[in-house]
Amino acid sequence: MERAISGYGVARALDRLEMTRGLPQVMRADSGKAFCGKAMVTWACERGVQLRLIQPGKPNQNAYIESFNGRLRDECLNEHWLPTLLHSRTEIETWKYNEERPKKILGGLTPVAHAQQLAAKPLRLNLDSKGTRY
């Protein structure tokens, strides 16, 4: 059975995130109970956060999160057997910090491998004929 998070639960999670990340000026979300209920509307109003709800049945109005959800599902959730909530959280945290997924922009390396490769290379400065760095 799937359990939905309440507006109070969303507000508590956002309060925890505020401590480390701050709050956005605007939040776009679907029109589910958790985001358009009294608890969430009150929370957003008290903190000066605008809620912008997408129209029901129009996920393309929130394409960024739909893309993220697809990647999370394809790259993490569908790839692992998740027998417990603790195991699920561990796998998602590992995926979130991206120590395993290669990135095309990094030459097909993972961010960790790319950082190690950069650290192993000697630092080269670009200097002009007068010794000025550019």
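A brief structural summary. Being a predicted model, the structure only gives us computed values, none of them experimental.

Points about the overall build of the protein chain
Then comes step 1: Each helix and strand counted, the protein chain has six helices and two strands in total.
Then comes step 2: Sequence-ordered secondary structure for the protein chain, helices as α and strands as β, is α-β-α-α-β-α-α-α.
Then comes step 3: Residues classed as buried in the protein chain amount to 18% of the 134 residues present.
Then comes step 4: Long-range contacts, defined as pairs at least 24 residues apart, comprise 39% of the intrachain contacts of the protein chain with a sequence gap of at least 6.
Then comes step 5: Within the structure as shown, the protein chain displays about 11,100 Å² of accessible surface, and the carbon and sulfur contribution to it stands at 55%.

A look at the side chain of Glu91
Then comes step 1: Take Glu91: it is sitting in helix H5 (residues 85–96).
Then comes step 2: Accessibility expressed as a relative area gives 18% for Glu91, which makes it buried.
Then comes step 3: Excluding residues within four positions of it along the chain, Glu91 makes contact with Cys76, His80 and Leu82.

A closer look at the pattern of salt bridges
Pairing between side chains becomes possible if they bear opposite charge and their charged atoms approach one another.
Then comes step 1: In the structure shown here, the tally under the stated rule is two salt bridges.
Then comes step 2: Two residues, Arg47 and Asp15, come together in a salt bridge whose shortest N-O distance is 3.0 Å. Taken together, the residues span a long stretch of sequence, with Arg47 in helix H3 (residues 38–47) and Asp15 in helix H1 (residues 7–21) at a distance of 32 residues.
Then comes step 3: Its relative accessible area of 32% is what places Arg47 among the partly exposed residues.
Then comes step 4: The shortest N-O distance in the salt bridge between Glu46 and Arg47 comes to 3.4 Å.
Then comes step 5: Note on Glu46: relative accessible area 60%, which makes it exposed.
Then comes step 6: Connected through salt bridges with shared partners, the residues Asp15, Glu46 and Arg47 form a single ionic network.

Analysis parameters
Residues numbered from 1 in each chain as written. Predicted model: local features only at pLDDT ≥ 70, side-chain atom pairs only at ≥ 80, totals over all residues. Heavy atoms only, no water. Helix = DSSP H or I, 4+ residues; strand = E, 2+ residues; numbered from the N terminus. Buried < 20%, exposed > 50% of the residue type's maximum accessible area, 1.4 Å probe, protein only. Contact = heavy atoms within 4.5 Å. Areas by Shrake-Rupley, 256 points an atom, 1.4 Å probe, with all protein chains shown as cover. Salt bridge = Lys/Arg side-chain N within 4 Å of Asp/Glu carboxyl O.

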